[in-house]
Amino acid sequence: MALEPCKVCGTLNAEATEICLSCGYPTQGKKRPTVFRIVAIALVACFALPFLSGVINWIWLQLKPESPQPTQPQVSLIDLAKN
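Residues numbered from 1 in each chain as written. Predicted model: local features only at pLDDT ≥ 70, side-chain atom pairs only at ≥ 80, totals over all residues. Heavy atoms only, no water.

Caption draft 1: Focus on the overall build of the protein chain. Secondary structure summary: the protein chain contains two helices and two strands in total. Here the protein chain, with 83 residues, has 5% of them falling under the buried criterion. Within the protein chain, residue pairs in contact and separated by at least 24 positions form 2% of the contacts whose partners lie at least 6 positions apart. Element-wise, carbon and sulfur atoms account for 65% of the exposed surface of the protein chain, whose accessible area totals about 8,000 Å². (Helix = DSSP H or I, 4+ residues; strand = E, 2+ residues; numbered from the N terminus. Buried < 20%, exposed > 50% of the residue type's maximum accessible area, 1.4 Å probe, protein only. Contact = heavy atoms within 4.5 Å. Areas by Shrake-Rupley, 256 points an atom, 1.4 Å probe, with all protein chains shown as cover.)

Caption draft 2: Inspection of the state of the cysteines at higher detail. Inspection of every chain in the model, using the stated rule, returns zero disulfides. Between Cys9, a cysteine without a disulfide, and Cys20, which holds the nearest cysteine sulfur, the sulfur-to-sulfur distance is 3.7 Å. (Disulfide = S-S within 2.5 Å.)

Caption draft 3: Spotlight on helix α1 (residues 34–63). With 30 residues, α1 extends 42 Å between its outermost C-alpha atoms, agreeing within 8% with the 44 Å of an ideal straight helix rising 1.5 Å per residue. Along α1, the sharpest kink reaches roughly 30°, centred on Ala48 and followed within four residues by the proline Pro50. In terms of burial, α1 is largely open, as just zero of its 30 residues are buried. (Expected span 1.5 Å × (residues − 1). Bend = angle between axes of the 7 residues up to and from the residue.)

Caption draft 4: Summary view of the side chain of Asn13. When you line up the elements, Asn13 lands in strand β2 (residues 12–14). Look at Asn13 and you get buried, because its relative accessible area is 4%. At 3.4 Å, the side chain of Asn13 forms a polar contact with the backbone oxygen of Thr11. When near neighbours in sequence (up to four residues on either side) are disregarded, Asn13 contacts Ala2, Leu3, Glu4, Cys6, Cys20, Leu21 and Thr27. (Polar contact = N/O pair within 3.5 Å; in protein donor to acceptor, adjacent residues only side chain to side chain.)

What follows is the structure in structure tokens.
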């Protein structure tokens, strides 16, 4: 007689047992509808996309060399008064 873990709670049960003695659910577990899986994947994507976007932006800024900023000549009020 072999022991198998319950797919709901993980408790070891006999191979022939249909209902888990610990949680009361079937040892093979209840299958969730596909909608729950799709929603779970969508939630993970929603939380992961901003993080991945930030990492990609940071890497992009590290690889891209800074372009030199054009310097403007400083003009003083004295120079403006002379003209």
